[in-house]
Amino acid sequence: MAPCSEPTVPREEESLVTIVAVSIGVCCIATSYLFSILPKAVKLCLPEPLAQVAVGVAVGALIRLVPNLRRDLQFQPETFFLFLLPPIIFASGYNVKNSSFFGNIGSICCLGFVGTLVSTALVGLGLNVAGTVMPSVVSPRLGLVEAFAFGAVLSALDTVATVSIFTSLGVHDRLYMLVFGESVMNDAASIVSYRTLRALLAHGSKSGGAPPPPGPPAPASFTAAQGGMALADFFLVTFGSVLVGATFGVACSLVFKYTKLRLQPHLETAVFWLFPYLSYLTAENVELSGVMSLLFCGIIMGRYAYFNLSPENQIASPVSATIISVLAETYIFAYLGMSVFTLQTYDFASVGFVVAAIVLCYISRAVTVFGLSALLNLGRIRPITWKEQVVSWYAGGIRGAVSFALVLDVQDAAPHGDVLVTTTLLVILSTVLLNGGGLTTLLLRTLGLDNGRGAVDAAHSGASDGACERTPLLPGVSAAFVHWVDDLDNRYFNRWLRADGGRQVSLAPRTPAPPSRQSPAPATTSD
């Protein structure tokens, strides 16, 4: 009987891990409910994501007492990218308010894509230079490739807490959409730039480069040719990913248009969820960005496939996307809090390195927001005001789960992987505490941007800032380009991809808010 009893130990441990994981979800959902009945003043000072992180920290302190659980319940990048991130990205694209999003598409793309590259360069170069100039304060000194890869990690933004505050205070639609749209594009762009730089880092390690000793400076093995190739690869991956996502979005729209799946809502629901996930997996398998592919697949499905669904699924699909996304976000924030205690290896190389990383995050954010906004204002019909820029700089600078998943992925390839993981966790916790709490609320009220009108309400009004505004893709490019795209959409795309030819009224919300922390509100008009 002894041989038969041995396999029961792992099964028991696995069962215990499952029970604990489900219990964490139940605790977080209970926290969300209790949070929803708190006074508004308390919720503004303590955003819900911060409360979920606190729950995770408390659970992690208990789990630390059980060594096996500590190991099995660590934050896993594979689980994050395969199961937790996809529903959040898809729901962000599917539930986006098209008029607001595309009305500001030029600014959103510039801040999301160009801003990510600028932030990656500034953080990476800043850490490399700081380690060279002040080796006794900022150590270890990172090589340029490793520094740029870490810069890409720290460039990934997480604005769920900010969006929660924006919704509660009722900031106007344009500021809401600029911050939200930038964060969605930034997630995709930061992952693409990170993977490009990680490939260079892995190539350098395979070429025989051993980890540099802690004393002497690390070699700056990043040539102009490598930089040009990395930049070209970034844009090729971006274009290819958008193409894959658009292809699956169009295919999904045509399937629902020319079949009678609407007569069988259960099959219709299954096909509805298979297309975006297939888009994500296809892009990942051909070494493109699944996140970017999924985002644009969701946007196109929300614009066209949605109107080919049955009335039941027109109501159920945005709600189901919201529910799954909220559950994923709940686990993400809880696991971030748990990582304080469940992380196996900590390496506090120096306080100076952590401080330098945090300071550079704020500096790069300032250069990105203020510099690119000044450039964009040269071609915008309605410029981005300095108050909006200040709020976007401060409130939009939160780092989160994407950064943590990326740094865990690069841990083995980077010479100073343990230092990077520890620093990233401290940067995330610092920005969540500083940028995601009452200071953002105070800033919004001081600048007079809490107009008492919800972003969701503004989105559905006829005078939505984003709907009225037509932002050029680049300064100096005529706004007629956006109207030309609108004309193409009305003349051709709606006719080809929608069974109603663009005449149907939306039965469910098409709000600009991401699915995080709010349920969709009823809408009375279509996009």
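Residues numbered from 1 in each chain as written. Predicted model: local features only at pLDDT ≥ 70, side-chain atom pairs only at ≥ 80, totals over all residues. Heavy atoms only, no water.

Right, let's get into the overall build of the chain. Secondary structure assignment for the chain yields 23 helices and zero strands. Split into buried and exposed, the 527 residues of the chain put 56% on the buried side. Split by element, the accessible area of the chain, about 21,500 Å² in all, is 70% carbon and sulfur. (Helix = DSSP H or I, 4+ residues; strand = E, 2+ residues; numbered from the N terminus. Buried < 20%, exposed > 50% of the residue type's maximum accessible area, 1.4 Å probe, protein only. Areas by Shrake-Rupley, 256 points an atom, 1.4 Å probe, with all protein chains shown as cover.)

Attention now goes to the state of the cysteines. Scanning the entire structure with this criterion turns up zero disulfides. Among the cysteines around Cys27, which has no disulfide bond, Cys28 carries the closest sulfur, lying 6.8 Å off. Cys27 gets classed as partly exposed once you look at its relative accessible area, which sits at 39%. For the unlinked cysteine Cys252, the closest cysteine sulfur is that of Cys297, found at 6.6 Å. Exposure remark for Cys252: the relative accessible area of 0% places this residue in the buried category. (Disulfide = S-S within 2.5 Å.)

Interaxial distance between helix H13 (residues 265-285) and helix H14 (residues 290-303) falls to 7 Å at its minimum, and their mutual angle equals 150 degrees. Relative to H14, the element H13 lies roughly antiparallel. The handedness of the crossing between H13 and H14 comes out as right-handed. Residues Phe272, Phe275, Pro276, Tyr277, Ser279, Tyr280, Ala283 and Glu284 of H13 lie in contact with H14, whose contacting residues are Gly290, Val291, Ser293, Leu294, Cys297 and Met301. Among the residues making up the contact of H13 with H14, the classes are represented as ten nonpolar, three polar and one charged. (Axes fitted to C-alpha atoms, helices over the stretch in contact; angles between N-to-C directions. Parallel < 35°, antiparallel > 145°, perpendicular 65-115°, else oblique. Left-handed = near helix turned anticlockwise from the far one by under 90°. Contact = heavy atoms within 4.5 Å. Nonpolar A, V, L, I, M, F, W, Y, C, P; charged D, E, K, R; others polar.)

Judged by nonpolar contacts, the single largest core of 112 residues is most densely connected at Phe80, Leu127, Phe150 and Phe404. Not counting residues within four places of it along the chain, the set of residues in contact with Phe404 comprises Phe75, Leu336, Ser339, Leu343, Val421, Thr424, Leu425 and Ile428. Membership of the second largest hydrophobic core comes to twelve residues, among which are Val163, Phe166, Leu175 and Tyr176. (Core = buried A, V, L, I, M, F, W, Y, C linked by side-chain atoms within 4.5 Å.)

Right, let's talk about the environment of Ile332 for a bit. Looking at the secondary structure, you find Ile332 in helix H15 (residues 311-342). Through-space distance from the C-alpha of Ile332 to that of Gly56 is 9.4 Å; in sequence the pair is 276 residues apart. Dropping the residues within four chain positions of it, Ile332 is found in contact with Phe80, Leu84, Ile88 and Ala401.

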